[in-house]
Amino acid sequence: MLYMIGLGLAHESDITVRGLAAVKKCKRVYLEAYTSILMSADKSKLEEFYGREVILADREMVESESDKILENADVDDVAFLVVGDVFGATTHTDLVIRARDLGIPVESIHNASVMNAVGACGLQLYNFGQAVSIVFFTEDWRPDSFYNKVMENRKIGLHTLLLLDIKVKEPNIKEMMRGRIVYEPPRYMSVATCCQQLLEIEEKRKEEAYTPETPCISVSRLGSPNQSFKAATLKQLAEYDAGEPLHSVVMLGRQVHDLELDYLLAFADDKDAYRKAVIADQEYFKPPPPPPAPQDIISSDEE
Ligand SMILES: C[S@@+](CC[C@H](N)C(=O)[O-])C[C@H]1O[C@@H](n2cnc3c(N)ncnc32)[C@H](O)[C@@H]1O
C-alpha cells in the first residue's frame, strides 16, 4: 500500500492519529521536501517522533525516480509524507497515477493545508477565487501569467490567495556550466518581494487588475506558534517585514462582508485607512446597477 499522508502545517504532532499509525507500520517513509517545510520540526525531530527513518525526497526523486519510491509497494507499506495536505496546492497526482498503473493500492490520509487554514485571516473561504503561484523573478525571466487570473478573480469580486515560491536544493547554474553540482542555500519568497513583483507587473501591464492601494493581507507561519497577519495595502506590504518564512499573501476582492472587514481590522496598523482602502477598492469592477423591472419603467405618456 502507498500511504499519501498530510503532515499539517507546523509541528511533528500535527499529523493525524490515523496518519501516525500508518507511518509506524510502513517499511519506508519518504518526506516530500521541496514544495513546503514543516516550520517547527526537522527530519531528525520527525524520525524521533515516528520511531522510523525518514528519507528526504527531493524534486528529482519524486519527478524522475518515482520507481524507487514505489518499489515493492504492492507488497510492503510505503508512506509518502507531504507538508500540509497531500492534495493542497501541490497535488502529487502523478505519483498516485504511477502507483495505480503499477497496481499498487493507494490510501490518502488528509490534514490541514494552507489552502484552508488561510481562513484564519478572517476572510470566508467561499469568497476565494483561483489561487496563484508567484515565482522568483530573475534578470531575464519575469513571468506575469498570474496577472490574468488575479484579474478574473477581481472582476467577479473574489479574493486571491498568492502562494510564494520556495527554492530548496536548486543547483547553482554557473557551477553547473563548469560541470559541478553545487546547491544554492534554500530561499523562501517574502511578502515584500511578492508585492514588489506584483507592483512591477501592474506598472508594465497597466490594466488595473489591482493598484498600489489595493487592500491585501500578509499571512506568515500559519499554524505555528508565531503565526501572524498584517492587513495593509499592496504598496505598504511591499515594504513590510513579515519575519521568518513561510509567507503567503491574500489580495482582497470586491465582495467583503462587514464581518470579514471587522475581523481584518484587528490586523491593520491604521484601521481607519484600511477600511477606507477596502471601501475605495469596491469601486473597481463594480457591476452596473440592474436594469429597472418593466413595471418600474414609466412611459412619457403616463408622466
Ligand atoms: C506549493 S504550496 C504547498 C502547500 C501544502 N501542500 C499545503 O497543503 O499547505 C507552498 C506554499 O504555500 C504557502 N504556505 C504553505 N504553508 C504555509 C504556512 N504555514 N504559512 C504561510 N504560507 C504557507 C507558501 O507560500 C509556500 O511557499
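Residues numbered from 1 in each chain as written. Predicted model: local features only at pLDDT ≥ 70, side-chain atom pairs only at ≥ 80, totals over all residues. Heavy atoms only, no water.

1. Re the sheet that holds strand β3 (residues 55–57)
Paired through their backbone hydrogen bonds, the strands of a sheet run either parallel or antiparallel.
(1) Moving on: In spatial order, the strands read β3-β2-β4-β1-β5; together these 5 strands make up an open sheet with parallel pairing. Lying at the two open borders of the sheet, with one neighbouring strand each, are β3 and β5 (106–109). The average undirected angle you get between the axes of adjacent strands in this sheet is 25°.
(2) Moving on: In the sheet, strand β2 (residues 28–32) pairs with strand β4 (residues 78–82) via 4 bridges, with the strands oriented parallel. Within β4, the position partnered with Y30 by the bridge is F80.
(3) Moving on: On the sheet, helix α5 (residues 93–101) packs against β1 (2–6), β4 and β5 and is oriented at approximately 165° with respect to β1. (Pairing = 2+ DSSP bridges. Helix = DSSP H or I, 4+ residues; strand = E, 2+ residues; numbered from the N terminus. Axes fitted to C-alpha atoms, helices over the stretch in contact; angles between N-to-C directions. Contact = heavy atoms within 4.5 Å.)

2. Description of the nonpolar core
(1) Moving on: Ranked by internal contacts, the top residues of the largest apolar core, which has 26 residues, are I134, F146, L162, L198, Y210, V249 and M251.
(2) Moving on: Listed by contribution, the elements that provide at least two residues to this core are β6 (132–134), α7 (146–155), β7 (160–164), α9 (191–205), α10 (234–237) and β12 (247–251).
(3) Moving on: Considering every element that reaches this core, the biggest residue donor is α9, with 5 residues.
(4) Moving on: In this structure, I134 is in contact with F146, L162, L163, L164, D165, M189, C194, Q197 and L198, ignoring residues within four places of it in sequence.
(5) Moving on: Ranked by size, the runner-up nonpolar core spans 23 residues in total, among them L123, I217, L261 and F267. (Core = buried A, V, L, I, M, F, W, Y, C linked by side-chain atoms within 4.5 Å. Buried < 20%, exposed > 50% of the residue type's maximum accessible area, 1.4 Å probe, protein only.)

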